[in-house]
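A closer look at the structure
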Amino acid sequence: MKLNRIQKIILASIPPDQKKIRNFYLKYRQGGVSTFWLIWYLDDTIFHKNTITGILSHKKESLNYLMEILRIAHRSMPPGIRPRLGDDSKSALSFPDTNSKVLVSLSIRSTAVHNLHISEWCWCDDDEVRATIAADGPDSNITGETTCNGVGNDGYITYEEGKMGLNNFKSIFLPWYLQEEYAVPLNGMVVNRNSDEVALSERVEREYNIKISDEQILFRRIKEKELKTLKPQEFPENDVEAFITSGRRFFDPRKAVVLLNEAREYAQKNPPVEQTEDYVMWEKPEQKNIYVMGADTAEGVDGDYSVLSILNVTKRKQVFRLRIHMGIDAFFRECN
């Protein structure tokens, strides 16, 4: 197996002494993430006794594709190393000499597995994903990859919580431009980059130390024309934009992204004057200004957040926000 750039990044991210892997990859179409983990887990299953690996996906066509990758890998092994198969079926590869097995299914909730890979997590049934993970042990290896499918599903929640350190998953974003093959020959064409393309190139070089070629810029332009609003979902360039522009939306997702970028740029230029785990103060109070305060309470201490917001009416901007888990009796005193 010859690793592409993405697969080399995945391999380098796995510490040699890591006993439990919990990685979530938000990525573009056909990057090779699932192929990497299928081969990784196949090796683990073949060469260790009593090992069960589960591969979960969102539709039967994907299961057949994933199973074919496993079969090709098994057939391609040297005869002296390739293990014999047991009673084979369309949904499993069993290895009787080690009493190990690889299962590929839309649901694996009835079997605890040592290794689990979830393909297209955001598109899978939320209940099936949760039940499958709940059936696994605390030391099971769990990896997942997905393209975006809006917000609110289990894949989105798991990825976002991983970014914030609220679960034991490591969230990893893989943009399309890391794939060197995603390029179109110029054939003598001269590419004059617009401001958006220049900004992208500068950000990529700064964050990944990679120079985007003119061939990749041309590929990007073609995909924008072909896919239109689906382009950020299928070939994302940052994880926030990918989630916001995917799925069914009432508001124009392109406008939402513009507003989000403006807000991010404003926040960078106007950092808070004071910040703790619970509150942010963007501006200290001034006697000459008029302020208004509003609060929204949550039910109890384990549910949603209770929030207090202070607005500077004179300047027409938010200047303070308290966001905290707290009972109502304590919260009103905190507001006071």
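Below, the structure is looked at part by part.

Quick notes on the rules
Residues numbered from 1 in each chain as written. Predicted model: local features only at pLDDT ≥ 70, side-chain atom pairs only at ≥ 80, totals over all residues. Heavy atoms only, no water. Salt bridge = Lys/Arg side-chain N within 4 Å of Asp/Glu carboxyl O. Helix = DSSP H or I, 4+ residues; strand = E, 2+ residues; numbered from the N terminus. Buried < 20%, exposed > 50% of the residue type's maximum accessible area, 1.4 Å probe, protein only. Pairing = 2+ DSSP bridges.

1. With respect to the pattern of salt bridges
- One pass over the structure, following the stated rule, counts 20 salt bridges.
- Where Glu145 meets Lys27, a salt bridge forms, and the shortest distance between an N and an O atom there is 3.1 Å. Residue Glu145 is found in strand 6 (residues 141-146), and its partner Lys27 is found in the loop between strand 1 (22-26) and helix 2 (33-46); the two are separated by 118 residues along the sequence. As far as the burial class goes, Glu145 and Lys27 line up, both buried.
- Where Lys284 meets Glu274, a salt bridge forms, and the shortest distance between an N and an O atom there is 3.5 Å. Note that Lys284 is positioned in the loop between strand 9 (279-281) and strand 10 (291-296) and Glu274 in strand 8 (residues 274-275), a separation of 10 residues in sequence.
- Residue classification places Lys284 among the partly exposed residues on the basis of a relative accessible area of 47%.

2. Regarding unusual backbone geometry
- In this structure, Asn50 is a non-glycine residue whose phi angle is positive, near 55°.
- Tracing the sequence through the fold places Asn50 in the loop between helix 2 and strand 2 (52-56).
- A relative accessible area of 45% places Asn50 in the partly exposed class.
- If you check the backbone angles, Asn187 has positive phi at about 50° while not being a glycine.
- In this structure, Asn187 sits in the loop between strand 7 (170-173) and helix 6 (195-208).

3. Focus: the pairing of strand 11 (residues 306-312)
- Relative to strand 11, strand 10 is paired through six bridges, and the arrangement is antiparallel. Paired with Met293 across the bridge in strand 11 is Ile310.
- Across seven bridges, the pairing between strand 11 and strand 12 (residues 317-324) is antiparallel. The residue bridging Leu311 from the neighbouring strand is Gln318, located in strand 12.
- Hairpin connection from strand 11 to strand 12: four residues lie between these consecutive antiparallel strands, with Arg316 at a positive phi of about 60°.

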